[in-house]
Amino acid sequence: MNEKIKVKNVILRCGADSLLPLMLVYMLYIIFHGHLSPGGGFQGGVLMAAVVVMLYLGHGYETTTRVLSANLLHGTEGFASIFYVALAMLGVAVGFQFCQNILYKHGEIGELYSSGTIFWMNVTVGLKVLTGVGSIGLLMIGLANEKE
């Protein structure tokens, strides 16, 4: 009976190790290409929930909390919030409206960096949602682990 549990853990760990890099790349792709295609910062950040769950299923609670430190996630979320407000105020600083795209003349249409300020706002929203959802996922896993 105990051997079946060990085999199951090995299968879960190998599956998680093979899927995690693909999940992370896909999450970053959705965040960085949000201004060119459907998706964006929020959708890419929410994919972090799947990364947290996969890491927990494959490696357990201790490894998950060690890799995704709650203090680091909270600090990064604060940085992303401040950076978003700074980008939004950039329009006001040069005499335009709040959240106005002032760097739109840089880049070619369809390229990764072609939308000016919108690209950077999309990335900061992705970072904010990523860290927020990651923190919530860690909290939920911690509460579930506490009952066991």
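None of these values were measured; they are calculated from a predicted model.

1. What to know about helix α3 (residues 48-59)
In this model α3 runs 16 Å from its N-terminal to its C-terminal C-alpha over twelve residues, within 8% of the 16 Å that 1.5 Å per residue would give. Within α3, burial applies to M48, V51, V52, L55 and G58. All buried residues of α3 fall inside an arc of 140° around its axis, so they share one side. Trailing α3 by a residue or two, G60 shows a phi angle of about 95°, which is positive.

2. Examining helix α5 (residues 70-93)
The end-to-end C-alpha distance of α5 is 34 Å, a good match for the 34 Å that 24 residues give at a rise of 1.5 Å each. For α5, the full list of buried residues reads L73, E77, A80, L87, A88 and G91. One or two residues past the end of α5 sits G95, with phi positive at roughly 100°.

3. Overview of the nonpolar core
Ranked by internal contacts, the top residues of the largest apolar core, which has 15 residues, are M27, M48, V51, V52, L68 and L130. Counting residues per element, the ones that place at least two in this core are α1 (2-32), α3 and α6 (117-147). For this core, the element with the highest residue contribution is α6, accounting for five residues. Beyond its immediate stretch of four places on either side in the chain, L130 contacts M27, I31, G45 and M48.

4. Some details on the packing of aromatic side chains
Tallying each qualifying case throughout the model produces three aromatic pairs. Ring centres 5.8 Å apart and planes at 10° place the aromatic pair F79 and F83 in the stacked group. Note that F79 and F83 are positioned in helix α5 at a spacing of four residues, about one turn of the helix. Exposure remark for F79: the relative accessible area of 51% places this residue in the exposed category. Ring geometry for F119 and W120: centres 5.0 Å apart, planes at 80°, overall edge-to-face. By relative accessible area, which is 6% here, F119 ends up buried.

5. Some words on the pattern of salt bridges
Here the structure, examined in full by the defined rule, presents one salt bridge. Where E77 meets K128, a salt bridge forms, and the shortest distance between an N and an O atom there is 2.9 Å. Of this pair, E77 sits in helix α5 while K128 sits in helix α6, placing them 51 residues apart in sequence.

6. Some thoughts on the environment of L90
In this structure, L90 sits in helix α5. On a C-alpha basis, the gap between L90 and I102 in space is 8.0 Å, while along the polypeptide they are twelve residues apart.

Analysis parameters
- Residues numbered from 1 in each chain as written.
- Predicted model: local features only at pLDDT ≥ 70, side-chain atom pairs only at ≥ 80, totals over all residues.
- Heavy atoms only, no water.
- Helix = DSSP H or I, 4+ residues; strand = E, 2+ residues; numbered from the N terminus.
- Expected span 1.5 Å × (residues − 1).
- Buried < 20%, exposed > 50% of the residue type's maximum accessible area, 1.4 Å probe, protein only.
- Arc of directions from axis to C-beta.
- Core = buried A, V, L, I, M, F, W, Y, C linked by side-chain atoms within 4.5 Å.
- Contact = heavy atoms within 4.5 Å.
- Phe/Tyr/Trp six-rings, centres within 6.5 Å; stacked < 30°, edge-to-face > 60°.
- Salt bridge = Lys/Arg side-chain N within 4 Å of Asp/Glu carboxyl O.

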